[in-house]
Amino acid sequence: MTAVLAVLEQRDGALRKVSHEVVTGARRLADGLGGAVEALILGTGPVRGTDQLAKYGADKVVTATGAAFGSYAPEGFARAVAEHAKAGEYLVVLFAASATGKDLAPRVAARLRVALAMDVTDVAVEGGAVTATRPVYAGKALLRVKLGGAPAILALRPSVFTPVERPRPGAAATVALDVPEGGGRVVVKQVKAAAAGAVDVAEAPIVISGGRGLKEPVNFKLLEELARAFGGSAAVGASRAVVDAGWRPHADQVGQTGKTVSPTLYIAVGISGAIQHLAGMRTSKVIVAINKDKDAPIFKICDYGIVGDLFEIVPKLTDEIKKLHG
Amino acid sequence: MKIAVCIKRVPDSETRVKIAPDGKSLDEAGVKFVLNPYDEFAVEEALRRKEQAGAGEVVIVCLGPAAAQETIRSALAMGADRGVLLQTDKIPADGLEVAKALAAELNDGEWDLILFGKMAIDDYNHQVGPMVAELLGLPCVTAVARLDLAAGTGTAEREIEGGIEVVEFPLPAVLTTEKGLNEPRYPALKGIMAAKKKPLATKPVALSTGGIEVLALLPPAERKEGRIVGEGPDAVPELVRLLREDAKVL
C-alpha cells in the first residue's frame, strides 16, 4: 500500500533541496502507518536529482510531465496534484511549506475538501492517526493536532526535517505520467532572480541577521562577508527595525511579520532581541548573539554570546571561519 | 470597484502567551486584541483601489466572536464602507471550515476583488485565502508584495526563495497581501467617529470542527540560558571552538 504521497519541487529542471526534507518526513509517517512513500514531481521532462530519492526513503518516483510544468503555475499544479492524490487514495499528502507549498497546499486541500496542517515542525503516527505539531502565536506556543482527513494534508516547515538517509532496497521505480494541459488563469510571466548565489533566509542552513546595532545600511557588508566565508551556505537576514527603516528588503526580515527560520546556526548581530524577533528564530538549532549590551534579551535565549563591539568581533569571526574553510 | 476584505481579530504581537486551563487554548485574560497586521495591508490596498477608481465599495468581512465588532470598526475607521460579522464564539482550527463560511457569505457578491492578509499571526494557518478562491472558483495570487491593476486584469509580484515571481491574472480575483505592499494608514479621529455610524451587520454562523482536532497547546521547548563566551574580539576563537566541538555545527 502506498501510504504517503510526497509532493516535491523543482526549479529549472533540478530537484530543490527542500524535497529531501519532505521525503524524510514522508518516510517517517509511512513507517508509522506501515506503507510505501511515493514522490511526485511536476516538470517538463525528467527532473535532475530524482534518482537520489530512494536514498531518503522513496519507494516510487512519479514524474508528471506537461509543457506547462516548467515553472510553478498555481492552477495547473493544483489540478494535477489534486487529481493524482484523489486517484491514489493516499493516507497522507505532504508538501514543503515553502513559498510554492504555501500557495499550492491550500488549493489542493480545498479541492479535496480536507484539512491542511501548515508549517508543521514535527509529525507522528499515534494509534493509527497522523498527528502534527505546529508553532502558533509566532512560535510562542506549539499546537499539537490530530488530522482526520482522508488524506491528511501537511506542509512541513523548511529546514526542520533534517534529511536522513534511509535507503530502500533497489532503485525507486520511476513512472512518467502525462498530464493533460489545462490553461490556468493565473500565469507566472517571469521569475526575477535575486542576486546570484543568494540563499533565502527561510531555507539557509546558516543565517546571519543584523539589527540596528549595525548603525548604517552599508555596514551590512560585514555580515555579507561573513556569509561568504561560510562558502555559500549562509544567508543574511535582518530585524524588523532595519527593514522598516528601509535598510534591507522585507524578504530578508526574520520575525513575527517576516520569516520564521530554523537554521542549524543563527548568528544575531546587533539585535537586542524583541519578542517579535525571537519568535522568528527561536527554533534555530544553535543561536549565537553578538551585542554590546550585556543585558540585551537576545542573550537570554542564545547558546553562545559575545559582549562587545560588533565592528571588531564580526571581522575577526570572518577571519576565523575563512581559516576553517581554508 | 467592489472589494471585500476578510479580516481577523488576533492577539497583539506583544502578547505573552499563557495557556488556558483546558490545555488547548490561549488564556485570553488581559490579552489585547488587534486587527491582524497582514489584514491591514489588505484593507489599505482596498481603500487605495477604490479611491483610484473614484467609485465603489469596500466591505469588511470578519469571522469571530461578538468582540470582533471592535476589530471591524477599526477597519471602518480606516475608511471601509460597511462590515459583516459572521459571529461564532469558536473558530475551528481547520482553516477549510473558516473558508467554507466565508465563501458562503462572499458567493454571488459580484466582487471585483476579494482580499485577505497572507496569514493570521495567531494560528499561522496561512491557507484561508486560497481555499476561499478554490471554493468560489476564482483565480488567486497569494503573498502579493506589489500590485498593478488595469481594466479587467492585474499584475502582481510575490516573493519566492531567491527571487520574485511576476504573475498575471484576470479580475475578479482573490489576493492575499504581504508586508511591503503598502503602508497602512492610521485612522484619523474623523474616521473613528464616522466608523461608529457605518453599517455593521451581524450574522450568527455555526461551524463544524472539520478535520483538525486540537490535542494540546504547549509552551515552546525551553532553551537553556546560554553562556557568554567572553567580551570583544578575543572571545572569537573560543566561540569558534565551541561551535565546532560542542555544538558541532561547523
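Predicted model, so just to flag it, every value in this text is computed and none were measured. (Residues numbered from 1 in each chain as written. Chains lettered and ligands numbered in written order. Predicted model: local features only at pLDDT ≥ 70, side-chain atom pairs only at ≥ 80, totals over all residues.)

**Looking at the confidence of the model for chain B**
- For chain B, the mean per-residue pLDDT works out to 96, and 100% of the residues sit at or above 70.
- Predicted complex metrics record ipTM = 0.95 and pTM = 0.92. (pLDDT = per-residue confidence, 0-100.)

**Quick word on the interface of chain B and chain A**
- Tallying the contact residues gives 70 residues for chain B and 77 residues for chain A.
- Those elements that provide at least two residues to the side of chain B that touches chain A are helix H3 (95–106), helix H4 (128–136), strand E7 (140–150), strand E8 (153–160), strand E9 (163–170), strand E12 (212–218), strand E13 (227–231) and helix H6 (236–246) of chain B.
- Among the elements that line the side of chain B that touches chain A, the one with the most residues is E9 of chain B, at eight residues.
- When the residues that make up the side of chain B that touches chain A are grouped by side-chain class, the tally is 41 nonpolar, 14 polar and 15 charged.
- Strand direction decides the pairing type here: strand E10 (residues 141–147) of chain A and E12 of chain B, joined by six bridges, are antiparallel. Across the sheet, residue Leu-147 of chain A finds its bridge partner in E12 of chain B, namely Ile-212 of chain B. (Contact = placed C-beta atoms within 7 Å. Helix = DSSP H or I, 4+ residues; strand = E, 2+ residues; numbered from the N terminus. Nonpolar A, V, L, I, M, F, W, Y, C, P; charged D, E, K, R; others polar. Pairing = 2+ DSSP bridges.)

**Side note on the packing of helix H8 (residues 310–325) of chain A against H6 of chain B**
- Contact geometry for H8 of chain A and H6 of chain B: axes closest at 9 Å, N-to-C directions at 50 degrees. Here H8 of chain A is positioned oblique relative to H6 of chain B, judged by the angle of their axes. Viewed along their axes, H8 of chain A and H6 of chain B form a crossing whose handedness is right-handed. Counted together, Ile-313, Lys-316, Leu-317 and Glu-320 of chain A of H8 of chain A and Val-236, Pro-237 and Val-240 of chain B of H6 of chain B form the full contact between these two elements.
- When grouped by side-chain class, the residues that make up the contact of H8 of chain A with H6 of chain B number five nonpolar, no polar and two charged. (Axes fitted to C-alpha atoms, helices over the stretch in contact; angles between N-to-C directions. Parallel < 35°, antiparallel > 145°, perpendicular 65-115°, else oblique. Left-handed = near helix turned anticlockwise from the far one by under 90°.)

**Quick notes on H8 of chain A**
- Compared with the 22 Å implied by 1.5 Å per residue over 16 residues, the 22 Å span of H8 of chain A between its first and last C-alpha is a close match.
- Within H8 of chain A the residues assigned to the buried category are Leu-310, Ile-313, Val-314, Leu-317, Thr-318 and Ile-321 of chain A. Down the axis of H8 of chain A, the sector holding all buried residues measures 135 degrees, keeping them to one side.
- Residues of H8 of chain A that are buried in the fold lie against helix H4 (220–229), strand E16 (265–269), strand E17 (286–291) and strand E18 (304–307) of chain A together with H6 of chain B. (Expected span 1.5 Å × (residues − 1). Buried ≥ 20, exposed ≤ 12 C-beta atoms within 10 Å, placed from the backbone. Arc of directions from axis to C-beta.)

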